[in-house]
Amino acid sequence: MNFEKNILCIGAGYVGGPTMAIIAYKCPQYRVTVVDMNSERIAEWNSDDLPVYEPGLDKIVKTVRGRNLFFNTEIEQGIKEAEIIFVSVNTPTKTFGAGAGLAADLQYWEKTARQICQCAQSPKIIVEKSTLPVRTALAMERILTSNDNGIRFDVLSNPEFLAEGTAINDLENPDRVLIGSRQTESGLKARDELVEIYANWVPIERIITSDTWSSELSKLAANAFLAQRISSINSISALCEKTDANITDVANAVGTDSRVGNRFLNVSVGFGGSCFEKDILNLVYLCQNYALHEVADYWASVVKINEYQKNRFVLNMITAMFNTLVGKKICLFGFAFKANTGDTRESPAIFIAKRLIEEKAELVVTDPKALKNARIDLNGIDSNVSYMEDPYEAAVGCHAIAILTEWDLYRNLEFEKIYRSMIKPAFIFDGRNILDHKKLFQIGFNVFPIGKPALTHF
Ligand code: UDX
Ligand code: UDX
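So, how was this worked out
- Residues numbered from 1 in each chain as written.
- Chains lettered and ligands numbered in written order.
- Predicted model: local features only at pLDDT ≥ 70, side-chain atom pairs only at ≥ 80, totals over all residues.
- Heavy atoms only, no water.
- Near = heavy atom within 4 Å.
- Polar contact = N/O pair within 3.5 Å; in protein donor to acceptor, adjacent residues only side chain to side chain.
- Helix = DSSP H or I, 4+ residues; strand = E, 2+ residues; numbered from the N terminus.
- Pairing = 2+ DSSP bridges.
- Axes fitted to C-alpha atoms, helices over the stretch in contact; angles between N-to-C directions.
- Areas by Shrake-Rupley, 256 points an atom, 1.4 Å probe, with all protein chains shown as cover.
- Nonpolar A, V, L, I, M, F, W, Y, C, P; charged D, E, K, R; others polar.
- Parallel < 35°, antiparallel > 145°, perpendicular 65-115°, else oblique.
- Left-handed = near helix turned anticlockwise from the far one by under 90°.
- Contact = heavy atoms within 4.5 Å.
- Core = buried A, V, L, I, M, F, W, Y, C linked by side-chain atoms within 4.5 Å.
- Buried < 20%, exposed > 50% of the residue type's maximum accessible area, 1.4 Å probe, protein only.
- Salt bridge = Lys/Arg side-chain N within 4 Å of Asp/Glu carboxyl O.
- 1 Å grid on protein atoms, 1.4 Å probe; cavity = no way out; pocket = protein on both sides within 12 Å on 5 of 7 lines; lining within 4 Å.
- Points joined across faces, edges and corners; volume = space filled by probe spheres on them.
- Patch = residues over 30% accessible without salt bridge, like charges linked within 9 Å, V, L, I, M, F, W, Y side chains within 5 Å.

This part covers the site of ligand 2. The immediate surroundings of ligand 2 are formed by 21 residues, with Phe161, Glu164, Ser268, Phe337 and Arg432 found nearest. Taking Arg432, its side chain carries an N or O atom lying 2.7 Å from an oxygen atom of ligand 2. Among the elements that line the shell around ligand 2, the one with the most residues is helix α9 (residues 212-243), at 4 residues.

For the rest of this paragraph, the subject is the sheet that holds strand β11 (residues 385-387). As summarised here, the arrangement of the 6 strands in space is β11-β10-β9-β12-β13-β14, forming an open sheet in which the pairing is parallel. Taken across any chain shown, the strands that pair with only one partner, and hence form the sheet edges, are β11 and β14 (446-448). Across the sheet, the mean angle from the axis of one strand to that of its neighbour is 20°, orientation sign disregarded. The pairing of strand β9 (residues 329-333) with strand β10 (residues 362-366) spans 5 bridges and is classified as parallel. Across the sheet, Ile330 pairs through a bridge with Leu363, a residue of β10.

Another aspect to go through is the site of ligand 1. In the neighbourhood of ligand 1, 20 residues make up the surrounding shell, with Asp36, Arg41, Val89, Thr91 and Lys278 lying closest. For ligand 1, an oxygen atom lies 3.0 Å from a polar atom in the backbone of Val15. Between ligand 1 and Thr131, the relevant distance is 3.0 Å, taken from an oxygen atom to a main-chain nitrogen or oxygen of the residue. Isolated, ligand 1 exposes 690 Å² of accessible area, and the fraction of that covered by the protein chains is 93%. Each residue belonging to the shell around ligand 1 can be placed in one class, and the counts come to 7 nonpolar, 8 polar and 5 charged.

The next point concerns the packing of helix α1 (residues 16-26) against helix α3 (residues 57-64). Where α1 meets α3, the axes come as close as 9 Å, and the angle between the chain directions of the two elements is 55°. The pairing of α1 with α3 is recorded here as oblique in orientation. In this structure, the crossing between α1 and α3 has a hand that is left-handed. The residues of α3 that touch α1, namely those facing Pro18, Ala21, Ile22, Ala24 and Tyr25, are Leu57, Ile60, Val61, Thr63 and Val64.

The next point concerns the nonpolar core. Among the nonpolar cores identified, the biggest contains 63 residues, and Leu332, Phe335, Leu356, Phe429 and Phe445 are the most heavily contacted of them. By size, the runner-up hydrophobic cluster in this structure holds 42 residues, among which are Ile84, Phe86, Leu171 and Ile197.

Attention now moves to the pattern of salt bridges. In the structure shown here, the tally under the stated rule is 18 salt bridges. Across the pair Lys26 and Glu172 runs a salt bridge, and its minimum N-O distance is 3.0 Å. Here the residue Lys26 occupies a position in helix α1, and Glu172 occupies one in helix α7 (residues 167-172), the gap between them amounting to 146 residues. By relative accessible area, which is 27% here, Lys26 ends up partly exposed. Judged by relative accessible area, which is 23%, Glu172 ranks as partly exposed. For Asp408, the salt bridge goes to Arg411, with nearest N and O atoms at 2.7 Å. When salt bridges that share partners are traced, they join Lys5, Glu193 and Glu196 into one network.

Our next topic: helix α6 (residues 136-144). When you tally the buried positions in α6, you get 7 out of 9 residues, the bulk of the element. Thr136, Ala137, Leu138, Met140, Glu141, Ile143 and Leu144 are the residues of α6 that are buried.

This part is about the layout of surface pockets. As a volume, the second largest pocket reaches approximately 290 Å³. Broken down by secondary-structure element, the contributors of at least two residues to the lining of the second largest pocket are α9 and α12 (293-320). Counting residues per element, the lining of the second largest pocket draws most heavily on α12, which supplies 5 residues. Considered class by class, the residues forming the lining of the second largest pocket number 9 nonpolar, 2 polar and 4 charged.

Okay, the side chain of Thr91 next. Structurally, the position occupied by Thr91 is in the loop between β4 (84-87) and α5 (107-119). The buried category is assigned to Thr91, whose relative accessible area is 5%. Apart from residues no more than four positions distant in its own chain, Thr91 is found in contact with Ala104, Asp105, Leu106, Ser130, Thr131, Leu132 and Lys278.

Taken together, the side chains of Tyr290, Leu292 and Val295 make up a nonpolar region of the molecular surface, amounting to roughly 290 Å² of accessible area. On the secondary structure map, Leu292 appears in the loop between α11 (276-289) and α12.

This is how it looks when you write it as structure tokens:
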């Protein structure tokens, strides 16, 4: 069959896989190929057990795989055949050299640019999907045009705003699609080609365009603003605990002002995920680079409050449990960085588990989707950790439960049964404020929510 366009995506990760699945699903007239250097990952994409858990993703992949969506490791072949190449390789925080701990590590990005340059035999549109420092497109253009073969490349910025756990809905009904391009004739033409792809299912007024640098910066700024809301509410939760105010009431009162809005004000044990911390640090590094030290410090404080919140949670546990956790058995309800995903990257649960292990506690980790990743995260330090899928079994014989992920499953458990199976006095530390605290207290638990007075029997 002849397809209207050949689209390639390099990087079959959390972003590349679902995004391409939706493009293929919405646009049967295009052939979409996803390549990755990791052959195991590609094998998983071609199996019944996809490497990414997202509600609704399985069904879509089953419908389009082999029809107009293909996964393979033939990167060079893919580059030759495609007219449009999305680049979605990872850009983690640099761990070495200049900017270590802050800047984005662009080695995979640059390697990919060089690969495209070497293999391309015809003009291409290159789309930055990965989150990148501002002006990375310029570096990409320079690499691509370094080979004097006369091939035209247009580099677009098209950051992805999907959130994990809701990726399919976010992709099908995005608040906006952002496309940044050079404001030249060729740049605008490339931009229009990408607009045409999204216009297959996204209303045109939701496809917004800008220059390349604004688009690159918007992605970093959007994530920084979202994370800032969480750190703002989490910082106020600490004050609530000192003053007997209630964070739910405060968040409600603040969020019902339509200028503020009520979303993303859920107090928590801290934010996690592969993006927030990485992108804020990246923003901080950029500001430092331009000697904007006050701006850098402002955004760095969002990460600082997040560290504070995670640490505060552990310290509260230690204090509540008579200042020692040695030999105590603590059950972690949830290890994923948020509900509806198996992803544990930068999950607050990793930090908390490590701190509890340092305190010589024994841990039982339960999570409906993230146990495989939890095992990897705690590999080498988990001689006193066990992993159990069933929360009831996991809680047996424990001194305390810490809710670390807001899985719906945990809201409706039979806590009477759980209480009976635990060591007394039994504690619950609700790091997501999702449980009915009064009811738990009546059952007999000592209950420690976030940003609310504790309910204890002492
Ligand atoms: C993406 C973006 O790339 C990142 O910048 C953004 O902030 C979040 O989303 P994500 O899809 O979550 O990252 O990353 P990951 O799941 O690690 O997927 C990246 C894939 O690229 C991996 O499967 C990796 O094997 C592949 N890759 C990496 C290549 O194929 N080639 C490389 O050179 C490097
Ligand atoms: C985020 C952005 O939302 C998305 O637009 C971007 O493309 C990638 O980064 P993601 O990290 O997948 O998405 O999840 P998100 O829903 O933003 O949650 C991030 C973290 O913040 C999670 O740990 C979550 O539990 C926490 N969170 C979120 C809170 O603690 N409180 C809230 O009110 C919302």
